[in-house]
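Each chain is listed here by its residues.
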Amino acid sequence: MTSETKNYFEEGKWEELGVISSREILETRGPRLLGRVMLLLLVIFIIILFLPWRQTIPGRGRVTALRPEDRPQTVQNQIGGRIEHWAVREGQKVKKGDTILIISETSQSYFDPELPVRLQEQLAAKVGSEDAASQKMQATSAQIRAMTKGLYIKLNSARNKVRQAENYVDIDSADLVAVQKFYEISKSRLARYEAGYTNGLFSLTDIESRRLKLQEDNAKVISQQNKLNNSVQSLLNARIELDNIQAEYQQSLAKAQSDMSSALSSKVGAQGEISKLRNEISNTNIRRGLYVVRAPQTGFVVKTLKAGIGENIKEGESIATLQPETPQVAAEIYVDAMDVPLILNNSEVRIQFEGWPSVQFSGWPSVAVGTFSGKVSVIDLVSSQGGKYRLLVRPTNPVPANDQPWPLQLRQGSGVYGRVILRSVPLWYEIWRQLNGFPPSLEAEPDVQVGAK
């Protein structure tokens with residue numbers, strides 16, 4: 001308040017005081033300053049909205065191994081038995097082939113300590129039976145060869161007899177035709193002589209001579225017919241003899257072949273028994289080697305699943321858990337089904353491990369602290385429980401310049417939080433996408449092959 005205003009106020013000059021007050025009112029700068037500040041904030045906000053924002057797909061999981069043989073496994077015994085001695089303790093390092101457990105036999109079929117010797121004796125007996133069957137087969141084969149050779153000789157002789165009988169039949173047939181011709185000529189001559197005798201040209205003596213000649217020729221025809229019949233019968237007998245020889249050979253051959261089949265059956269049976277005994281001997285030797293349970297690979301005995309001495313264990317029962325020594329560590333994370341089509345093989349991932357302090361920025365992975373770089377190695381083709389899909393993330397090789405390799409102290413099963421890095425978009429677009437529940441944008445079309453590379 002000025003001195004002039006104070007005087008008017010003390011003197012009660014209220015009207016003059018109002019005029020002076022209107023002149024002396026301070027000019028307020030607050031609204032203008034506020035407007036400028038709000039405008040500046042708006043400009044800054046608009047600028048921020050156009051800043052680049054890196055889209056990510058979050059996922060949680062655990063540390064695992066990239067290869068199946070690097071993951072924790074259970075050591076199993078292949079045969080049932082009784083625990084006799086533990087050769088390891090929990091946490092101990094073992095090499096491939098080292099003894100873990102020694103068991104003893106519990107099956108009655110393998111109690112005999114001389115079982116391999118007994119089986120070898122049975123095998124020798126069966127080998128002798130096979131040799132005897134082979135010798136019988138050789139003797140039968142020699143018999144068949146001798147029979148075949150004898151048959152060849154007999155068949156040649158019988159065929160010669162048949163051909164000889166056929167020749168006799170041909171000769172007798174020709175002779176029959178000849179005597180029949182002579183008989184016909186004699187009949188013709190007798191008829192001419194009888195006609196001449198009627199005319200007085202020939203005497204009765206000539207007629208009688210011709211009649212006697214005709215009787216002789218008729219007798220020759222009958223004799224030749226009988227001879228031909230005998231030749232035909234001889235031919236039939238020769239053919240019957242030939243068929244008889246072949247039938248006898250077939251009968252003898254069938255018997256010999258039956259003996260051969262019997263010997264072959266005995267040999268095959270002996271061979272089957274020999275194979276069975278050899279298999280049993282091999283199984284017995286292998287089984288005795290399985291009394292010692294050995295480490296399948298180099299690693300650490302994490303936990304023994306059986307305890308004590310004298311405890312019986314079944315065939316194929318797990319006895320210990322083994323962790324391989326140098327596994328290829330990977331991160332197993334699970335993402336939503338809506339985001340899986342946007343993930344590519346070899347997509348970049350930022351990994352945060354439990355136990356390693358870190359600050360991870362979703363939109364600006366470059367300023368994240370304490371995170372590690374990874375690449376997507378496997379995308380499952382089917383979903384897991386809960387409808388999520390599993391990703392296997394391997395360490396980036398080579399390690400980026402401003403990054404660090406994955407910690408050597410990582411243990412399988414520890415928790416992992418990861419973000420799959422996608423394309424860069426303006427911040428306003430990301431806010432709009434999040435408000436509308438849209439999936440992230442795709443930078444490139446996914447490959448058809450979504451499995452492991």
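The written sequence of each chain sets the order in which its residues are numbered from 1. The predicted origin of the model limits local features to residues at a pLDDT of at least 70 and limits the giving and counting of side-chain atom pairs to 80 or more, whereas totals for whole chains, interfaces and linings rest on all residues. The basis for every side-chain value is the complete set of heavy atoms in the structure, and neither hydrogens nor water enter the calculation.

Asks: Can you walk me through the overall build of the protein in this structure?
Replies: Each helix and strand counted, the protein has 6 helices and 14 strands in total. Relative accessibility thresholds used throughout: buried, under 20% of the residue-type maximum; exposed, over 50%; partly exposed, between the two (1.4 Å probe, protein chains only). Taken over 453 residues, the protein has a buried fraction of 31%. Taking contacts inside the protein between residues at least 6 apart in sequence as the whole, the part at least 24 apart equals 78%. When the accessible area of the protein is evaluated, it comes to approximately 29100 Å², of which 54% is carbon and sulfur surface. Every helix listed is a DSSP run of H or I at least four residues long, and every strand listed is a run of E at least two residues long, numbered separately from the N terminus. Should any heavy atoms of two residues lie within 4.5 Å, those residues are considered in contact. Accessible surface is estimated by sampling points in the Shrake-Rupley manner with a 1.4 Å probe; for residues, cover comes only from the protein chains shown.

Asks: It is not clear to me how the sheet that holds strand S7 (residues 299-304) should be interpreted in this structure. Could you clarify?
Replies: Strand pairing in a sheet is mediated by backbone hydrogen bonds. Such pairs are either parallel or antiparallel. Note: two strands are recorded as paired if DSSP finds a minimum of 2 bridges between them. If you walk across this open sheet you meet the 4 strands as S2-S9-S7-S4, and the pairing is antiparallel. Both edges of this open sheet fall to strand S2 (73-76) and strand S4 (93-94), since each of them pairs with a single strand only. In this structure, S4 lies alongside S7, joined through 2 bridges in antiparallel fashion. Paired with Val94 across the two strands is Gly299, which belongs to S7.

Asks: Even after reading the chapter, I still don't get the packing of helix H4 (residues 115-198) against helix H5 (residues 204-289), so can you show me in this structure?
Replies: Two numbers describe a pair of packed helices, the interaxial angle and the distance between the axes. With axes taken as lines fitted to C-alpha atoms, and helix axes fitted only over the stretch in contact, angles between N-to-C directions fall between 0 and 180 degrees. Between H4 and H5, whose axes approach to 6 Å, the crossing angle comes to 170°. Taken as axis vectors, H4 and H5 run roughly antiparallel relative to one another. Following the grouping adopted for this structure description, the nonpolar residues are Ala, Val, Leu, Ile, Met, Phe, Trp, Tyr, Cys and Pro, the charged ones are Asp, Glu, Lys and Arg, and the polar ones are all others, Gly among them. In the contact of H4 with H5, the residues fall into 43 nonpolar, 23 polar and 26 charged. An angle below 35 degrees is treated as roughly parallel, one above 145 as roughly antiparallel, one from 65 to 115 as roughly perpendicular, and anything else as oblique.

Asks: Explanation requested: the environment of Leu155 in the structure shown.
Replies: Relative to the helices and strands, Leu155 resides in helix H4. With 90 residues separating them along the chain, Leu155 and Ile245 place their C-alpha atoms 7.1 Å apart. What Leu155 contacts, discounting residues up to four positions off in sequence, is Leu242, Ile245 and Gln246.

Asks: Help me understand the pattern of salt bridges, please; the structure alone is not making it clear to me.
Replies: Between side chains of opposite charge, pairing is possible as soon as their charged atoms come close. Salt bridge criterion: a side-chain nitrogen from Lys or Arg within 4 Å of a carboxyl oxygen from Asp or Glu. Using the criterion set out here, one finds 14 salt bridges in the structure. Measuring nitrogen to oxygen at the nearest pair gives 2.9 Å for the salt bridge that ties Arg390 to Glu332. Placement of the pair is Arg390 in strand S13 (residues 389-395) and Glu332 in strand S10 (residues 329-335), with a sequence separation of 58 residues. Residues Arg390 and Glu332 agree in their burial class; the two are buried. In this structure, a network of salt bridges that share partners links the residues Arg62, Glu332, Asp380 and Arg390.

Asks: Before we go on, may I ask you to explain the nonpolar core in this structure?
Replies: Considering soluble globular proteins, one finds that nonpolar side chains tend to be buried as a cluster. Nine residue types can take part in a nonpolar core, namely buried Ala, Val, Leu, Ile, Met, Phe, Trp, Tyr and Cys, and a core is a set of them joined through side-chain atoms within 4.5 Å. Ile343, Ile351 and Phe353 are the most contacted members of the largest nonpolar core, which has 22 residues in total. Of all the secondary structure elements, the ones that give two or more residues to this core are strand S1 (52-65), S10, strand S11 (348-353), strand S12 (372-379), S13 and strand S14 (415-426). When residues no more than four places from it in sequence are discounted, the contact partners of Phe353 are Val63, Phe372, Trp406, Pro407, Leu410, Gly415 and Val416.

Asks: I tried to follow the environment of Leu242 on my own but got confused; where do I start?
Replies: The residue Leu242 is located in helix H5 in this model. When its relative accessible area of 15% is taken as the criterion, Leu242 is described as buried. When residues no more than four places from it in sequence are discounted, the contact partners of Leu242 are Leu155, Ala158 and Arg159.

Asks: Looking at this structure, how should I read the packing of aromatic side chains?
Replies: What describes a pair of aromatic rings is the distance from one ring centre to the other and the angle between the planes of the rings. Between rings of Phe, Tyr and Trp, where Trp is taken as its six-membered ring, a pair exists when centres lie within 6.5 Å; planes separated by under 30 degrees are stacked, by over 60 edge-to-face, and by other angles tilted. This structure, assessed with the given rule, holds 2 aromatic pairs. Ring centres 5.4 Å apart and planes at 50° place the aromatic pair Phe353 and Phe372 in the tilted group. Here Phe353 is found in strand S11, whereas its partner Phe372 is found in strand S12, with 19 residues between them in sequence. A relative accessible area of 2% places Phe353 in the buried class. Ring plane angle 70° and centroid distance 5.2 Å describe the contact between Phe353 and Trp406, whose orientation is recorded as edge-to-face. Of this pair, Phe353 sits in strand S11 while Trp406 sits in the loop between S13 and S14, and the two are 53 residues apart along the sequence. On the basis of relative accessibility, which here comes to 10%, the residue Trp406 falls in the buried class.

Asks: What exactly am I supposed to notice about the environment of Glu216 here?
Replies: Note on placement: Glu216 falls in helix H5. Relative accessible area serves as the criterion here: at 46%, Glu216 is assigned to the partly exposed category. In this structure the C-alpha to C-alpha distance between Glu216 and Tyr183, which are 33 residues apart in sequence, comes to 8.5 Å.

Asks: Explanation requested: the sheet that holds strand S3 (residues 81-86) in the structure shown.
Replies: Strand order across the open sheet formed by 4 strands is S6-S5-S3-S8, with antiparallel pairing between neighbours. Pairing within the sheet leaves two strands with one partner each, and these edge strands are strand S6 (292-294) and strand S8 (312-313). As paired elements, strand S5 (residues 99-104) and S6 share 3 bridges and run antiparallel to each other. For Ile102, the partnering residue across the bridge sits in S6 and is Val292.

Geometric values such as these leave the question of function open.
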